[in-house]
Amino acid sequence: MSDAAPIFRLLDVEKVYQIDRGGWSRLGRRPPRQLAALDGIRLTVRAGDSVALVGESGSGKSTLLRVLLGLTESSDGRALYRGDDIETLTDDKRRSFQRDVAMIYQDARASLNPRLKALDLIGEPIRQHALCRESELRDRVAALLARVGMPADTADRYPGQLSGGQVRRVAIARALASEPKVIVADEAVSGLDVSTQAQLLNLLRGLQHEMGLTLMFITHDLAVASYLCRRIAVMYLGRIVETGPTKEVLRHPLHPYTRALLNASPRFFEPIAETLPGEIPSPIDLPPGCRFAGRCPRAAQDCRTHEPPLATTHTKREVACLHPLID
Ligand SMILES: Nc1ncnc2c1ncn2[C@@H]1O[C@H](COP(=O)(O)OP(=O)(O)OP(=O)(O)O)[C@@H](O)[C@H]1O
Ligand code: SF4
Ligand SMILES: [Mg+2]
């Protein structure tokens, strides 16, 4: 791990959603049902790091990013940006946070106002942070469009007049407009054809190297994670079950869930099949012990009673498993 200063630190972050208000049954009052979308998340992201968050649908990846961005309050624990609690940043620090941390959303088209031209979509963060005069805006937007491989006249087009790949490029140009230090991207290339995905991944990797960006990248695709991110965090039902250098984790997974993901996703650009062996338990009614036990070929008696914490092995890898895949 590098010695660079931590940009983000998540200290035992929990995010609990209340699913209903409870009710009455023959046995009396039933308390409100709750769902822990994040359960004891510990993660440090340092300047210049690139971290992939992977895991099946519903594992809490987007919730984790929403907490990092201050869009969702955590229920417990602390989420820090450069040492300050994200939820209680002062106005000055919040302004620089908003400038420094840019987001590319899971659904790029839905995240862009269809009534604004690309000029105003990309120009919005520039205007918000007063980064240039109005007379210079068009040139600045043209430079950003060039950076993402789009011609300058794209500025006069609305999102509805652009293809899926072009919309993603505009979303990336908009994310770069505030000259951020951190990019947080949720499935930024999924659902596109393979060659467009490859172009956008090259673009993101190039930008990351040129600008020294810190990158947090959610993906269902382990090959994408390995191409773009030095570190990986594997999530399962609200917990990080394994984390470490991407290449090491994918070459020698220690957690049976990481291995199952690898088995389900052997080829480049093939998303993880949503049907790993066994059934994912309901997040509202988790079994005691390890939450992967019902699907784990290595499950032993102790797995059904003890919940394994994320612990460091003697090889300096981090895994939450009582019987990790150590040869
Ligand atoms: N606003 C909400 N209210 C109640 N439950 C929620 C809410 N948002 C998310 N959840 C639940 O929290 C869990 C984690 O959701 P999240 O969107 O973070 O998963 P994800 O890993 O991003 O999934 P995907 O890969 O499908 O995008 C899921 O069980 C989801 O149903
Ligand atoms: S703790 Fe047990 S059930 Fe859970 S992943 Fe490890 S071996 Fe499997
Ligand atoms: Mg998501």
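Residues numbered from 1 in each chain as written. Chains lettered and ligands numbered in written order. Predicted model: local features only at pLDDT ≥ 70, side-chain atom pairs only at ≥ 80, totals over all residues. Heavy atoms only, no water.

### Digging into the overall build of the protein chain
Broken down by element type, the protein chain carries ten helices and 14 strands. A compact globule built from 327 residues should have a C-alpha radius of gyration of about 20 Å, and the protein chain, at 21 Å, falls within 12% of that. Dimensions along the principal axes, computed over C-alpha positions, put the protein chain at roughly 70 × 50 × 40 Å. When contacts within the protein chain are restricted to residue pairs at least 6 apart in sequence, those whose partners lie at least 24 apart make up 64%. A total accessible area of about 16,100 Å² is found for the protein chain, and carbon and sulfur atoms account for 49% of it. For the protein chain, the separation between the mean place of its 44 positive charges and that of its 39 negative charges on side chains is 1 Å. (Helix = DSSP H or I, 4+ residues; strand = E, 2+ residues; numbered from the N terminus. Rg over C-alpha atoms; globule rule 2.2 N^0.38 Å. Contact = heavy atoms within 4.5 Å. Areas by Shrake-Rupley, 256 points an atom, 1.4 Å probe, with all protein chains shown as cover. Lys, Arg positive; Asp, Glu negative; His and termini not counted. Charge placed at Lys NZ, Arg CZ, Asp CG, Glu CD.)

### Quick word on the sheet that holds strand S13 (residues 311–312)
Spatially, the eight strands line up as an open sheet ordered S8-S9-S10-S5-S11-S12-S14-S13, and their pairing is mixed. Two strands bound the open sheet, and with one partner strand each, they are strand S8 (101–104) and S13. When strand S9 (residues 182–186) meets strand S10 (residues 214–218), the two strands line up parallel, connected through five bridges. Pairing of Asp186 across the sheet is with Ile218, part of S10. In the packing of helix H1 (residues 61–68) onto the sheet, contacts are made with strand S5 (50–54), S8, S9, S10 and strand S11 (231–236), and the angle to S10 comes to roughly 150°. (Pairing = 2+ DSSP bridges. Axes fitted to C-alpha atoms, helices over the stretch in contact; angles between N-to-C directions.)

### Here's the deal with the side chain of Lys61
Mapped onto the secondary structure, Lys61 falls in helix H1. Despite being buried, Lys61 has no salt bridge partner; Glu187 is the closest side chain of opposite charge, sitting 5.2 Å away. One polar contact links the side chain of Lys61 to the main-chain carbonyl oxygen of Gly55, over a distance of 3.0 Å. There is a polar contact of 3.2 Å between the side chain of Lys61 and the backbone oxygen of Glu56. Apart from the residues lying within four places of it in its own chain, the contact partners of Lys61 are Leu53, Val54, Gly55, Glu56, Ile218, His220 and Met235. (Buried < 20%, exposed > 50% of the residue type's maximum accessible area, 1.4 Å probe, protein only. Salt bridge = Lys/Arg side-chain N within 4 Å of Asp/Glu carboxyl O. Polar contact = N/O pair within 3.5 Å; in protein donor to acceptor, adjacent residues only side chain to side chain.)

### A word on the site of ligand 2
Around ligand 2 lies a shell of 13 residues, among which Cys290, Cys296, Cys303, Cys321 and Leu322 are the nearest. At a threshold of 2 Å from the grid points, most atoms of ligand 2 map onto the largest cavity. The residue inventory of the shell around ligand 2, partitioned by class, reads ten nonpolar, two polar and one charged. (Near = heavy atom within 4 Å. 1 Å grid on protein atoms, 1.4 Å probe; cavity = no way out; pocket = protein on both sides within 12 Å on 5 of 7 lines; lining within 4 Å. Sits in = over half its atoms within 2 Å of the grid points. Nonpolar A, V, L, I, M, F, W, Y, C, P; charged D, E, K, R; others polar.)

### Side note on the nonpolar core
Ranked by size, the top nonpolar core spans 61 residues in total, and within it Ile104, Ile122, Ile172 and Phe217 carry the most contacts. Broken down by element, the residue count for this core peaks at seven residues, all from helix H6 (residues 164–176). Filtering out sequence-adjacent residues up to four positions away, Ile172 remains in contact with Ile104, Val148, Leu200, Leu203, Leu204 and Leu207. Listed in part, the 29 residues of the second largest apolar core include Phe8, Leu53, Leu68 and Ile218. (Core = buried A, V, L, I, M, F, W, Y, C linked by side-chain atoms within 4.5 Å.)

### Some words on the packing of H6 against helix H7 (residues 194–211)
Here H6 crosses H7 at 10°, and the two axes come no closer than 10 Å. Our classification of the angle between H6 and H7 gives roughly parallel. Judged by the twist between their axes, the crossing of H6 over H7 is right-handed. Where H6 abuts H7, its residues Gly165, Arg168, Arg169, Ile172 and Leu176 lie against Thr196, Gln199, Leu200, Leu203, Leu204, Leu207 and Met211. The residue makeup of the contact of H6 with H7, split by class, is seven nonpolar, three polar and two charged. (Parallel < 35°, antiparallel > 145°, perpendicular 65-115°, else oblique. Left-handed = near helix turned anticlockwise from the far one by under 90°.)

### Description of the site of ligand 1
Close contacts around ligand 1 come from 14 residues, with Ser57, Gly58, Lys61, Ser62 and Thr63 the closest. Contact between ligand 1 and Ser62: an oxygen atom at 2.8 Å from a side-chain N or O atom of the residue. Relative to its unbound accessible area of 630 Å², ligand 1 is 66% covered by the protein chains. For the shell around ligand 1, the secondary structure elements donating two or more residues are strand S4 (34–46) and H1. Residue contributions to the shell around ligand 1 peak at three residues, all from H1. Taken together, the residues of the shell around ligand 1 break down into four nonpolar, eight polar and two charged.

### Brief notes about the pairing of strand S12 (residues 239–245)
In terms of burial, S12 is largely enclosed, as five of its seven residues are buried. The turn joining S11 and S12, which pair antiparallel and follow one another in sequence, is formed by two residues; a positive phi near 45° is taken by Leu237. Relative to strand S14 (residues 318–319), S12 runs antiparallel, the two being bridged by two bridges. Looking at the pairing, Thr243 lines up with Glu318 of S14.

### Focus: the sheet that holds strand S1 (residues 6–18)
Backbone-to-backbone hydrogen bonds pair the strands of a sheet. The strands run either parallel or antiparallel. One open sheet accounts for four strands, arranged S4-S1-S6-S7; its pairing is antiparallel. Two strands close off the open sheet at either side, each with one partner strand: S4 and strand S7 (84–85). Note: S1 against S4, nine bridges, orientation antiparallel. In the sheet register, Tyr17 faces S4, and the bridge partner there is Leu35.

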